[in-house]
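# Breakdown of the fold
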Amino acid sequence: MSAVTGPTTFLGMPPFPTAARAALGDAQLRRNLAHATGTIRAKRAAVIDELEDWEGLRQRAARTKDETLAHLDEHLLTLEASLTARGATVHWARDAADACRVVADVARAHGIRDVVKVKSMATQEIQLNETLAEQGISAWETDLAELIVQLGDDLPSHILVPAIHRNRTEIRDIFRDRMGAVGRAAPDGLTDDPAVLAGAARLHLREKFLSTRMAVSGANFAVADTGTLVVVESEGNGRMCLTLPEVLVSVVGIEKVVPTWSDLESFLTLLPRSSTGERMNPYTSTWSGVAPGDGPQEVHVVLLDNGRTKALADDFARQALRCIRCSACLNVCPVYERVGGHTYGSVYPGPIGAILNPLLKGVGQDPATDALPYASTLCGACGDVCPVAIDIPGILVHLRGKVVDAHRGDGLPKAEAVAMKAAAWGLGSAARLGLGERLLGAAAGLWRGSRAGTTRPVITRLPWPGSHWTRARDLPVPPRESFRAWWRRTGRDGGAS
Ligand code: SF4
């Protein structure tokens, strides 16, 4: 039996503006998203209000991450030594290909054709499932939402709730139509009751847990001084994967390291409240290498770079590596809520995706990545909720500058660049500004249209190149008389010109 892989790649998807335009036409998607994100937002707000000094906590966590990132090389070597001393094998992966090769080699060495997986963003980032499938190894997702995505030949659209774009009727159809092809079928008469759906998934997954000899996980945190990996989850599937199989491979981004066990305290308070709106995660699994006779007897840890050192080299934007993947920024983002996660063309959608993808991949390489820093209104809600105080709006603006710099001198100048040059020329001289104001005032005299219901007349449609503006926004009709002309006419300047 081979795993359903389907279109599990974002490669070749259109850039954000094109994808967003199409997504905006999907009213069902918007309803699903508004309901789900609204529910999580309310839960998060309630549990955060319970804490006296949330701001102090997030600043402490931000400091811990920044200090760790500043000495990342040292902490990683400490982590490697601690893990090795406790019986784990540490592998360093420069990129996705390196990391996938390690996992496939371990599976092949044991003659393993099936692996169970704990939900992991790092393994999605490196497209592990697809790479393993090419080599005849099936990777089975065991997180409920990931299972829905995998069975539906779908793509994840949210960091925490990858199937957030699906409603329960769609999930019932996916279970009924697809489960039987890859394992235990859904029971007859399956309904869309959430408890019934969870029961079907439990039976299906139990077979996988009990028959699979190797598991693959990520880690939420890696404690350097004890060599401990930490996975937090809500369903218990992670605990099954981390304890039942003989072999465990964990793919861990190098930014997941924290220096000491006590550093976990603030993160384990911030993460569940920000992500699921819970006071603590139902399951927090920790393991340090191999425990003889208990759990996996062969443990591998793949420390993954895949662009993280590139992000680290950016003095301002490196703070994005503080991210603990809580999803709070997605849940408050008005853009995400309207267009959904697929439009970002990456396993990292929403505000964090709009900064992390360009940082990991670099700007100036492909149009889809370069479009992401613009996928925001800069309203600032993402930065306000981030539990590790990442200045997401600031990084978005910073990256927009980098995108512009990367394309300076490419072919013909863009309309925006021409408009900015013209504005600089016009605003650079009082005489030219005055002439421009008079011309605009004369044009305003000719303008008759305004949108019904608006108190101030607005222009709703302009010919190219002004159409780039009016396609998305109205333009106030310029006043017939400029402020400076009014000032002079009413004698407020004391007669001075
Ligand atoms: S950027 Fe902040 S809010 Fe967004 S997922 Fe990461 S930690 Fe959570």
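Numbers given to residues run from 1 along each chain, matching the order in which its sequence is written. Whole-chain, interface and lining totals are the exception, using all residues; otherwise, since this is a predicted model, local features are given only for residues with pLDDT of at least 70 and side-chain atom pairs are given and counted only at 80 or more. Hydrogens and water molecules were not included; the side-chain quantities draw on all heavy atoms of the structure.

### A few points about the environment of P393
Inclusion rule: Only DSSP runs of H or I reaching four residues or more are called helices, and only runs of E reaching two or more are called strands; each is numbered from the N terminus. Type-normalised accessible area, obtained with a 1.4 Å probe on protein chains alone, sets the label of each residue: buried when under 20%, exposed when over 50%, and partly exposed for intermediate values. Two residues form a contact once any of their heavy atoms are found within 4.5 Å.
Relative to the helices and strands, P393 is located in helix α19 (residues 392-406). Accessibility expressed as a relative area gives 18% for P393, which makes it buried. In the structure, P393 is positioned 158 residues away from E235 in sequence and 33 Å away in space, judged by C-alpha atoms. The residues contacting P393, other than those within four sequence positions of it, are L378, G380, C382 and G383.

### Focus on the packing of helix α16 (residues 350-361) against α19
A pair of packed helices is characterised by two quantities: the angle between their axes and the separation of those axes. We apply this condition: The angle between two axes is taken between their N-to-C directions and runs from 0 to 180 degrees, where each axis is a line fitted to C-alpha atoms and a helix contributes only its stretch in contact. For classification, angles of less than 35 degrees are called roughly parallel, those exceeding 145 degrees roughly antiparallel, those between 65 and 115 degrees roughly perpendicular, and all remaining angles oblique. Definitions for this section: a left-handed crossing has its near helix turned counterclockwise from the far helix by less than a right angle. A right-handed crossing has that turn clockwise. Following the grouping adopted for this structure description, the nonpolar residues are Ala, Val, Leu, Ile, Met, Phe, Trp, Tyr, Cys and Pro, the charged ones are Asp, Glu, Lys and Arg, and the polar ones are all others, Gly among them.
Where α16 meets α19, the closest approach of the two axes is 10 Å, and the angle between their N-to-C directions is 40°. Here α16 is positioned oblique relative to α19, judged by the angle of their axes. Viewed along their axes, α16 and α19 form a crossing whose handedness is left-handed. In this structure, α16 uses P351, A354, I355, P358 and L359 to contact α19, whose residues at the interface are I392, I395, L396 and L399. For the contact of α16 with α19, a count of residues per class yields nine nonpolar, no polar and no charged.

### A word on the domain arrangement of the chain
As a reminder, the rule being used: The domain limits used here are those given by an automatic or database domain assignment.
Its domain assignment divides the chain into domain 1 (66-308) and domain 2 (415-489). Distance from the C-alpha centre of domain 1 to the C-alpha centre of domain 2: 55 Å.

### Re the sheet that holds strand β2 (residues 114-117)
Just so we agree on the cut-off: Strands were regarded as paired on the criterion that DSSP finds at least two bridges between them.
The six strands are arranged β1-β10-β7-β4-β2-β3 in an open sheet whose pairing can be described as parallel. Two strands bound the open sheet, and with one partner strand each, they are β1 (89-93) and β3 (138-141). Sheet twist, expressed as the average angle between the axes of neighbouring strands with direction ignored, equals 25°. Bridge analysis of strand β7 (residues 247-253) against strand β10 (residues 298-304) gives seven bridges, and the strand direction is parallel. When the sheet's bridge partners are listed, G253 is paired in β10 with L304.

### Comments concerning helix α8 (residues 144-151)
At 3.6 residues per turn, the α-helix brings residues three or four places apart onto the same side. Let me state the cut-off plainly: As used in this structure description, the phrase polar contact means that two N or O atoms lie within 3.5 Å; if the pair is within protein, one of them must be able to donate a hydrogen and the other to accept it, and residues adjacent in sequence are counted only when both atoms belong to side chains.
When you tally the buried positions in α8, you get seven out of eight residues, the bulk of the element. A145, E146, L147, I148, V149, Q150 and L151 are the residues of α8 that are buried. In this structure, the buried residues of α8 make contact with α6 (121-125), α7 (128-134), β3, α9 (168-178) and α10 (194-211). Between the side-chain oxygen at the start of α8 and the backbone nitrogen of A145 there is a gap of 3.1 Å, and the oxygen is on D143. Positive phi appears at D153, one or two residues downstream of α8, with a value of about 50°.

### Here we look at helix α21 (residues 430-446)
For the record, the criterion: Helix span is expected to be 1.5 Å times the residue number reduced by one. Directions pointing from the helix axis toward each C-beta atom define the arc.
Between the first and last C-alpha of α21 there are 25 Å, a value that for 17 residues agrees with the 24 Å anticipated at 1.5 Å per step. Listed in full, the buried residues belonging to α21 are G434, G441 and A444. Buried residues of α21, seen end-on, are gathered within an arc of 85° and therefore sit on one face of the element. Exposed residues on α21 whose side chains face more than 90 degrees from its buried face are A431, L439 and L446. The elements touched by buried residues of α21 are α23 (483-489).

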